[in-house]
Amino acid sequence: GIAMANSIWKGHIAFGLVAIPVKLHAAARSQAVSFNQLHQCDHSRVKQVLYCQAEDQPVARNELVKGYEYEKDRYVVVEEGELEQITPRSSRVMEVLEFVPEAEVDPVYLDASYYVAPERAGEKPYTLLYEALRRTGQAALAQLTMHNREHLVLLRPGRCGLLLHTLFYRDEIRALEEFRTDTEWVTPQELELARLLVESLAAHFEPANYKDNYRESVRALIDSKIRGEELKPGAITWAPPPVTDILEALKASLARAKKPVEVAQLKPQPSPAKRPRKAIAS
């Protein structure tokens, strides 16, 4: 099994009268090389100082309160105790609101991912929910409060157990019509060549085949500096190829993909007259 980090939430999944004690573990962690801010003169660490503008002096963290700016420079103060009084039930229980076809959930709604692990007392009902979702192709929608907000979440069956994804709410997703396409702009021949190019690059999803090249370059730069060496990285040079004919570009791309394809029998067709793009709705 996967070695789990500390759980970030403990509570129950509730659906109908079934309650399953579970804990959540972060499923992924972004990896980047982190730098510290140093003073240029002697490379000593600097720290951020919280400063009171009215008193013109630094303040300690224990002197801070939460304030919400409701008008320019006017604040209402909210105490921690007051926030605790309005903590919803979903901070301890994620209640299944409904089951939806997993295929209907547009990936644009997905935010963070978590593994859902059962507590020992919840293993049987957890397995029942997992297997029921797996066999029906459904996913569960619930709400869950953590990290100071109530999230809409999606519970779906993974390879070995339940996965939970926090979702953006509808009002957090930008207009669905961010752009438009018009299929009249392309000819059948162009479309066929594009389809062949897609097929020539088709593969199974294997994320282990890819890595963050930039992160590795930054690490190499740091390691060479530690050793006192000079790193001479190659300059990145790339310019888009001068293409005037999309058909020729597609044919050249297919040739480079080393997949022989018969293109002679595709008769060229005149491109339809281009119409001006519609204005994008804001």
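For the structure itself, look to the data block above.
Okay, so let's go over this structure. (Residues numbered from 1 in each chain as written. Predicted model: local features only at pLDDT ≥ 70, side-chain atom pairs only at ≥ 80, totals over all residues. Heavy atoms only, no water.)

Digging into the overall build of the protein chain
- Each helix and strand in the protein chain was counted, giving five helices and eleven strands.
- Scored against the burial criterion, the 282 residues of the protein chain give a buried share of 21%.
- For the protein chain, the proportion of contacts with a sequence separation of at least 24, taken over those separated by at least 6, is 66%.
- Entry remark: accessible area of the protein chain is about 22,900 Å², with carbon and sulfur atoms responsible for 54%. (Helix = DSSP H or I, 4+ residues; strand = E, 2+ residues; numbered from the N terminus. Buried < 20%, exposed > 50% of the residue type's maximum accessible area, 1.4 Å probe, protein only. Contact = heavy atoms within 4.5 Å. Areas by Shrake-Rupley, 256 points an atom, 1.4 Å probe, with all protein chains shown as cover.)

A closer look at the environment of Ala-194
- In this structure, Ala-194 sits in helix α3 (residues 188–200).
- Sequence separation between Ala-194 and Leu-254 is 60 residues, and the spatial gap between their C-alpha atoms is 9.0 Å.

Regarding the environment of His-165
- Residue placement: His-165 occurs in strand β11 (residues 162–167).
- The spatial distance from the C-alpha of His-165 to the C-alpha of Ala-112 is 5.6 Å, given a sequence separation of 53 residues.
- Among all residues touching His-165, those that are not within four sequence positions of it are Leu-110, Ala-112, Ser-113, Leu-152, Val-153, Leu-154 and Arg-156.
- In this structure the side chain of His-165 is engaged in a polar contact, spanning 2.8 Å, whose partner is the side chain of Arg-156. (Polar contact = N/O pair within 3.5 Å; in protein donor to acceptor, adjacent residues only side chain to side chain.)

Describing the pairing of strand β8 (residues 110–118)
- Looking at chain direction, strand β2 (residues 18–26) and β8 are connected through five bridges and run antiparallel. Following the sheet pairing, Leu-24 is matched in β8 by Val-116.
- Note: β8 against β11, five bridges, orientation antiparallel. Within β11, the position partnered with Leu-110 by the bridge is Leu-167. (Pairing = 2+ DSSP bridges.)

Details of the packing of aromatic side chains
- For the structure shown, the criterion picks out one aromatic pair.
- Between Phe-15 and Phe-99, the aromatic rings sit 6.2 Å apart at their centres with planes inclined by 90°, giving edge-to-face as the arrangement. Of this pair, Phe-15 sits in strand β1 (residues 9–15) while Phe-99 sits in strand β7 (residues 93–101), placing them 84 residues apart in sequence.
- Given a relative accessible area of 23%, Phe-15 falls into the partly exposed group.
- Taking the relative accessible area as the measure of exposure, Phe-99 reaches 38% and is therefore partly exposed. (Phe/Tyr/Trp six-rings, centres within 6.5 Å; stacked < 30°, edge-to-face > 60°.)

Re the layout of surface pockets
- Empty space within the second largest pocket amounts to approximately 310 Å³.
- Lining the second largest pocket are Lys-66, Glu-80, Leu-83, Glu-84, Ile-86, Thr-87, Pro-88, Thr-145, Asn-148, Arg-149 and Glu-150.
- Those elements that place two or more of their residues in the lining of the second largest pocket are α1 (80–85) and β10 (149–157).
- Its residues assigned to classes, the lining of the second largest pocket comprises three nonpolar, three polar and five charged. (1 Å grid on protein atoms, 1.4 Å probe; cavity = no way out; pocket = protein on both sides within 12 Å on 5 of 7 lines; lining within 4 Å. Points joined across faces, edges and corners; volume = space filled by probe spheres on them. Nonpolar A, V, L, I, M, F, W, Y, C, P; charged D, E, K, R; others polar.)

Considering the pattern of salt bridges
- If you walk through the whole model with that rule in mind, you get 13 salt bridges.
- Glu-102 serves as the salt-bridge partner of Arg-156, at 3.8 Å between the closest nitrogen and oxygen. In this pair, Arg-156 is assigned in strand β10 and Glu-102 in the loop between β7 and β8, connecting sequence segments 54 residues apart.
- Close ionic contact of Asp-223 with Arg-219 constitutes a salt bridge, the shortest N to O distance being 3.2 Å. Here Asp-223 and its partner Arg-219 are both found in helix α4 (residues 213–226), four residues apart, which amounts to about one turn of the helix.
- Take Arg-219: its relative accessible area is 40%, and that puts it in the partly exposed class. (Salt bridge = Lys/Arg side-chain N within 4 Å of Asp/Glu carboxyl O.)

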